[in-house]
Amino acid sequence: MSEKTDQKSALEFTCIVCPVGCTLNVTVSEGNQIRVLGNRCPKGAEYALTEVTNPQRYVQSTVVLMGSKTERRLPVKTDKPVPKDRIFEVVNEIRKVKVNVPVKVGDVVLENVLGLGVNVVATRTVEE
Amino acid sequence: METSSGKSSGMGPVAHTAVYDVIIIGAGIVGAAAFRELCKYDLRVLLLDSLHDVGGDASRANSAILHGGFDPQPGTLMSDLNKEGVQLWFQWTQELSIDVEWTGSLVLAFNDADIAEITRLYHNGKKVRVPVKFLGRDETLRREPVVNPEVRASLYAPVSGIIDPFQAVVALVGSGLKNGGKLMLDTEVTHLVKLPDGYIAVQTNHGELRTKVVINAAGLNAAHIMRTAGEDWFSIHPRRGQYFILDKNVGNLVRHVIFRAPTPKGKGVLVSRTTHGNLLIGPTAEDLTEPDRRTTAEGLAEVLQGAKYLVPFPYERHAIAQYAGLRAIGSVDDFVVQHSKVMEGLINAAGIKSPGLTAAPGIAHRLIELVTDLLTLEEKRDFDPYFEFPPILRELPYVDRERLIKEDPTYGHMVCRCELVTEGEIKSVLRMQPAATDLDSIKRRVRATAGRCQGGFCTPRIIDILSRELNLSYDQVTKFGRNSKLVYGDNRRGDA
Amino acid sequence: MFVAVVGGGPAGMAAAVSAKRAGADRVVIIERAERLGGVLPQCIHSGFGVNYYGEDLTGPEFAERLRADVKASSVEVWLNAMVIEARPDKTLIISTPHGISFVKPDAVIFAVGARERPRGAIAIPGARPAGVYTAGTAQYMINIQGFEVGKEVFVLGSGDIGLITARRMALEGAKVHGVAELMPFPGGLARNVQQCLKDFNIPLLLSHTVTEVLGSERVEAVKVAQVENGKTVPGTEKVFPVDTLVLSVGLLPEAELIRQMGLPILPYTGSAAVDQFFQTDLPGVYVVGNGVGIWDLVDNVAMSASVAGSHAVKYEGRSSDLAEVLPGVGVRVVIPQRLSLGESDVPRIWFRVACPIPVGVALLTRGEEVIARKGFAGLKPAEMAEFPLKEEQYRAIRPGDKLHLRVQQP
Ligand SMILES: Cc1cc2nc3c(=O)[nH]c(=O)nc-3n(C[C@H](O)[C@H](O)[C@H](O)COP(=O)(O)OP(=O)(O)OC[C@H]3O[C@@H](n4cnc5c(N)ncnc54)[C@H](O)[C@@H]3O)c2cc1C
Ligand SMILES: Cc1cc2nc3c(=O)[nH]c(=O)nc-3n(C[C@H](O)[C@H](O)[C@H](O)COP(=O)(O)OP(=O)(O)OC[C@H]3O[C@@H](n4cnc5c(N)ncnc54)[C@H](O)[C@@H]3O)c2cc1C
Ligand code: SF4
């Protein structure tokens, strides 16, 4: 993590919400007033706010899939973003999961990971 | 079959006291040819190589040309064996179903010095009685319209061509195995010791073997083997040659093998098709002090420059692979195929530089003569001169493929999308003798990974096949044995 | 009407569904892999579908949506079936574990995707040990097969695929020592530079390349040097002690079957020329998705394919009036390269610039004459951009016109 969040000055981020990838200039003034420039849409401002206060990321990985004729791994993702500094802890929890066929997209394979209020869900359907 | 004494084919576990009539060190083209020919006789013959597959050194990284025989100085062993080799390859490629094409070759001349040189070659050819023709500019361009139009004349040698050198080694070794010979891979010879009872002890990293006769066909290492036997009049240094392989889409750029008139350094860069239809350009000629099989930016640039001079073409746009091979350049400017001067029973085939591939059958015959000086040879009555590879589907008519798929559905499952190699073919080369056991040995037998995506698609799938068929864990599957592992295993192992 | 779709990736599935919806009697998807989805099942990261579905999906989720449409629309799916020969009369020869099949459809849609350029295509010198993989191959091994591919990794190429593979390997516990990029700008999207590299403290070395691979059995190191004007700068060489080199140095359309049909291959797309319906110069033969040019976004792939699917069914002999579109100065790729004239809908034209253009104008010209112009900001080689052609501009194009699309910077 290259940016510090407690700096009372100008910060620059790349918005990761959509492929446009706007360069966001964020200024945090004395009274913790946050101003965002460079976003082409409101989502960018929202992203900049969380990035300054509590940066978060979605995480995707795979888990062991058992009982399938063709597949050994099931792709999964967190259904909400997790704090950026806990990504590796989340991935390590995901590594321990094993599931059996059949599974459907959206099936929860790991509930409330690390008590973060985030579920890990399947992103693929494997019937057999 | 894996044994404590290395990997062996055609034999059970190797006892350390195993006794042979002839042990051949080196399963390159020379050792393989000698192996095949010796297995015609009632002898206990063992072929050894330090690598994980046969044909793993110079015999797999060369220009794959069957040279016309006009180049070596008349009167040398090289000249005689080159000519004899070409004649034998006619017969052997048929008996052993090895891919060969007699494309003919053109040596191009661009200036007076070149013309003097091809004139000399012309007279060489006449002297040793191999077919050669002198062609003027027009005739040269008629035969090969794409060459540099500044060409002034050329030497045409109709009886020369291209061969599949990997297949050649595998078929020769396969033929020997089929006729009773033995093979041990991953076995490095460290010393030769003459024993009081007349036998030679062949010391290896897997113990000692005893034999009456040793044939030293260790390529670049042949002088080293001689020294372990106390023979130090001969030395070898590596001369590197670098190459580009190009996509099959441009394989038909030239019809003949195209050379530049030679210089004292060698035959220079050539442009040729391979028997598989790729285009090949190279080699460089770099004298090295240590073996170094790396390609270099300078070397590859030199290849491009040399090839573009002969046949102007944007080669780099169609490149799919590069490689380098080492010629074994001896301290004597000829092949050394003779009895050891110090150890009775040791026969050396050393300094086998180009045209060693072409000459290999001739070298093998010379070696048999030398063995006759030491042992009485009796022909086996049941020698089978023929060898066949498992079916290559892309070469078969659809009805025959259909029949094979009905027998084994994996013949319908494409694993290598570029060269159209099926799972069934891969499984069949894991079972043939000599067997493939890793990615590169599969490539040399059926060309999976040799195509334009260079294994991007099929490598993962072949890892699965190797793991399943040979009962290996994923991290035991290699590119070419030893520690050349392709992956580090399951990424969820140990997590629970 | 019998439509055969070669390839069951997003392009193939979208084409098949739209052909069926347009009323084809029989639609078959012929897919060589054991599953539908093409490269999507291995692209487990998000970033798909923002345009096509209006949602940020992972690759497998995007594929699942299309697969559900395929299932619902009675399209036949042949898996483990590879087209090994395509003849100009549209006969397809297919290798399957049940035998060799011949089919002769009324229309063929090639949705065969792309392959990655290997090490040999860019001639990286050095040794030839195990452990050099293209990014897509590494991704397949990690995400589909569940292999640990490398422990210490270097990545060459900063396109999206390279960036995403770098992050994926980092998440799997590998140490990613760096990503080198030949150009002075990253090849991939800015968001991926942020979330794949910066988030994981992976250094991005712009204007750098791998100059040598070292290692006798497995990769032991790579040498990396700075590049200036296409030449490595002496004295800038660094050695990274890695066991794996991942290459993300470009995709090329899988054009072999298309070539077999006798269609010329354009040097700048690596595939056949097509019109706005993705029909080639052979009537009834279409090429869509990454097989016709590299789109980057799967959304565009699916879009292009649905256009072709329905056209293949409605097709009744191509309209003979065609104009040609060629890439001009500053433009690397244009799709389509033909315009069928007199059609009811105005064609969409896509292009990719050769280098980043912060502010510029794109011009569609006929000789000296400008037919259409459009100002753009932030054009990047990493992205296909759409050139909006207006109705009256389209109607003004005449049969046989040779148009050029070029970009100008102020
Ligand atoms: C760049 C280049 C281009 C060439 N082009 C041509 C051409 O176009 N036409 C042509 O006719 N010839 C050509 N040649 C020459 C030809 O390739 C060689 O002469 C021929 O391959 C030599 O075969 P070999 O069996 O002697 O050696 P190799 O193939 O090198 O075999 C020697 C074997 O011995 C093994 N070995 C070494 N030491 C030990 C040990 N201690 N214990 C056990 N095993 C050991 C090695 O592993 C190796 O497999 C070319 C050579 C090169 C390098
Ligand atoms: C690593 C990677 C990351 C990506 N990340 C993103 C991203 O973040 N966002 C995004 O929008 N896009 C992304 N893409 C791009 C997107 O995945 C592609 O644009 C899209 O998958 C292309 O679809 P396609 O159907 O044209 O090709 P493919 O998905 O490649 O499908 C082609 C199919 O055709 C089959 N086939 C080929 N030849 C034959 C034959 N002869 N016979 C039978 N079947 C055949 C293949 O097996 C394959 O299934 C990524 C791509 C890759 C490789
Ligand atoms: S600010 Fe809006 S438009 Fe810009 S990248 Fe973020 S989401 Fe996309």
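Note: the structure precedes this text.
A brief structural summary. Everything numeric in this text was worked out from a predicted model, so none of it was measured. (Residues numbered from 1 in each chain as written. Chains lettered and ligands numbered in written order. Predicted model: local features only at pLDDT ≥ 70, side-chain atom pairs only at ≥ 80, totals over all residues. Heavy atoms only, no water.)

**Considering the packing of helix H5 (residues 160-171) of chain C against helix H6 (residues 190-197) of chain C**
Residue and element names in this part refer to chain C.
Here is step 1: Put simply, H5 and H6 touch, their axes get as near as 9 Å, and they point 15° apart. Judged by the inter-axis angle, H5 sits roughly parallel to H6. Considering only the axes of H5 and H6, their crossing is left-handed. Here Asp160, Leu163, Ile164, Ala166 and Arg167 of H5 lie close against H6, whose contacting residues are Asn192, Val193, Gln195, Cys196 and Leu197. (Axes fitted to C-alpha atoms, helices over the stretch in contact; angles between N-to-C directions. Helix = DSSP H or I, 4+ residues; strand = E, 2+ residues; numbered from the N terminus. Parallel < 35°, antiparallel > 145°, perpendicular 65-115°, else oblique. Left-handed = near helix turned anticlockwise from the far one by under 90°. Contact = heavy atoms within 4.5 Å.)

**A few points about the site of ligand 3**
Here is step 1: Within the structure, ligand 3 sits among Cys15, Val17, Cys18, Val20, Gly21, Cys22, Asn39, Arg40, Cys41, Lys43 and Gly44 of chain A.
Here is step 2: Its residues assigned to classes, the shell around ligand 3 comprises 6 nonpolar, 3 polar and 2 charged. (Near = heavy atom within 4 Å. Nonpolar A, V, L, I, M, F, W, Y, C, P; charged D, E, K, R; others polar.)

**Re the interface of chain C and chain B**
The parts lose accessible area when they come together, and the size of an interface is often stated as this lost area.
Here is step 1: Tallying the contact residues gives 52 residues for chain C and 50 residues for chain B.
Here is step 2: Carbon and sulfur atoms make up 52% of the surface buried where chain C meets chain B, a total of about 4200 Å² over both sides.
Here is step 3: Per-residue buried area on chain C facing chain B is highest for Arg128, Phe147 and Glu217 of chain C; these three make up 16% of the total on that side.
Here is step 4: At the boundary of chain C and chain B, one finds 6 salt bridges.
Here is step 5: The residue Arg417 of chain B makes a salt bridge to Glu254 of chain C at a minimum N-O spacing of 3.1 Å.
Here is step 6: At the boundary of chain C with chain B, the tally comes to 28 residue pairs in polar contact (both at pLDDT 80 or more).
Here is step 7: Sort the elements by how many residues they give to the side of chain C that touches chain B and helix H4 (residues 135-143) of chain C lands first, with 4 residues. (Buried area = accessible area lost by both parts, 1.4 Å probe. Salt bridge = Lys/Arg side-chain N within 4 Å of Asp/Glu carboxyl O. Polar contact = N/O pair within 3.5 Å; in protein donor to acceptor, adjacent residues only side chain to side chain.)

**What about the interface of chain C and chain A?**
Here is step 1: Tallying the contact residues gives 34 residues for chain C and 30 residues for chain A.
Here is step 2: For the pair chain C and chain A, the two sides together bury roughly 2900 Å², of which 47% comes from carbon and sulfur.
Here is step 3: Our count for the chain C to chain A interface comes out at 7 salt bridges.
Here is step 4: Between Lys77 of chain A and Glu61 of chain C there is a salt bridge, and its shortest N-O distance comes to 2.9 Å.
Here is step 5: Listing elements by their share of the side of chain C that touches chain A, those giving two or more residues are helix H2 (59-72), H5 and H6 of chain C.
Here is step 6: With 5 residues, H2 of chain C is the largest single contributor of residues to the side of chain C that touches chain A.
Here is step 7: Counted by class, the side of chain C that touches chain A contains 10 nonpolar, 9 polar and 15 charged residues.

**Some points on H4 of chain C**
Here is step 1: A large share of H4 of chain C lies buried, amounting to 9 of its 9 residues.
Here is step 2: Three or more residues of H4 of chain C are buried, namely Ala135, Gly136, Thr137, Ala138, Gln139, Tyr140, Met141, Ile142 and Asn143 of chain C. (Buried < 20%, exposed > 50% of the residue type's maximum accessible area, 1.4 Å probe, protein only.)

**Digging into the sheet that holds strand S6 (residues 82-86) of chain C**
Here is step 1: If you walk across this open sheet you meet the 3 strands as S6-S7-S8 (chain C), and the pairing is antiparallel. Looking along the sheet, the strands with just one partner apiece sit at the ends: S6 and strand S8 (99-103) of chain C. Across the sheet, the mean angle from the axis of one strand to that of its neighbour is 25°, orientation sign disregarded.
Here is step 2: Pairing of S6 of chain C with strand S7 (residues 92-96) of chain C involves 4 bridges; the strand directions are antiparallel. Residue Ala86 of chain C lies in a different strand from S7 of chain C, and its bridge partner there is Leu92 of chain C.
Here is step 3: Sheet strands in contact with helix H9 (residues 398-407) of chain B are S6, S7 and S8 of chain C, and its direction is about 130° off that of S8 of chain C. (Pairing = 2+ DSSP bridges.)

These figures capture arrangement, not role.
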